[in-house]
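# Fold and geometry: a report
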Amino acid sequence: MQVVVRDNNVDQALKALKKKLQREGVFREMKLRNYYEKPSEKRARQKAEAVRRARKLARKKAQREGLIAAPAGRR
């Protein structure tokens, strides 16, 4: 991963790096690997994440098709 430092602005480059790492899921992965996770807990977590993703996808599809209204804070 690479971030360009412009005009010696290290703070801005660090912010960009953190944003990229967050988007890639590096922080989340580090948190998960901090402690041992039993295989049964891992399967349960992965299944819950898959269900959450499927529901989110279905909700977005329904919003695009006009079946349900978009949240009030969004355009």
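So, a few notes on the structure that sits alongside this text. Keep in mind the model is a prediction, meaning the values are calculated, not measured.

### Focus: the overall build of the chain
Across its full length, the chain carries three helices and zero strands. Counting from the amino terminus, helix and strand elements in the chain follow one another as α-α-α. Over its C-alpha trace the chain gives a radius of gyration of 19 Å, far above what one expects of a compact globule, namely 11 Å for 75 residues. Taken over the C-alpha atoms alone, the chain extends approximately 50 × 40 × 20 Å along its principal axes. The buried share of the chain, taken over its 75 residues, is 5%. When the accessible area of the chain is evaluated, it comes to approximately 7600 Å², of which 51% is carbon and sulfur surface. Side chains of the chain give 24 positive and 8 negative charges; the mean places of these two sets differ by 6 Å.

### Observations regarding the pattern of salt bridges
If the charged atoms of two oppositely charged side chains come close together, the side chains can form a pair. Throughout the structure, instances matching the rule amount to four salt bridges. Notably, a salt bridge pairs R33 with E29, separated by 2.6 Å at the nearest N-O pair. One end of the pair, R33, and the other, E29, are both in helix α2 (residues 26–33), four residues apart, so they sit about a helical turn from each other. In this structure R33 comes out as exposed when scored by relative accessible area, which is 65%. A relative accessible area of 35% means that E29 is categorised as partly exposed. The salt bridge involving E49 is made with R45; its shortest N-O contact spans 3.2 Å.

### Overview of the environment of K56
Within the secondary structure, K56 is located in helix α3 (residues 39–65). By relative accessible area, K56 is classed as partly exposed at 45%. Sequence separation between K56 and A13 is 43 residues; the distance between their C-alpha atoms is 32 Å.

Rules and cut-offs
Residues numbered from 1 in each chain as written. Predicted model: local features only at pLDDT ≥ 70, side-chain atom pairs only at ≥ 80, totals over all residues. Heavy atoms only, no water. Helix = DSSP H or I, 4+ residues; strand = E, 2+ residues; numbered from the N terminus. Rg over C-alpha atoms; globule rule 2.2 N^0.38 Å. Buried < 20%, exposed > 50% of the residue type's maximum accessible area, 1.4 Å probe, protein only. Areas by Shrake-Rupley, 256 points an atom, 1.4 Å probe, with all protein chains shown as cover. Lys, Arg positive; Asp, Glu negative; His and termini not counted. Charge placed at Lys NZ, Arg CZ, Asp CG, Glu CD. Salt bridge = Lys/Arg side-chain N within 4 Å of Asp/Glu carboxyl O.

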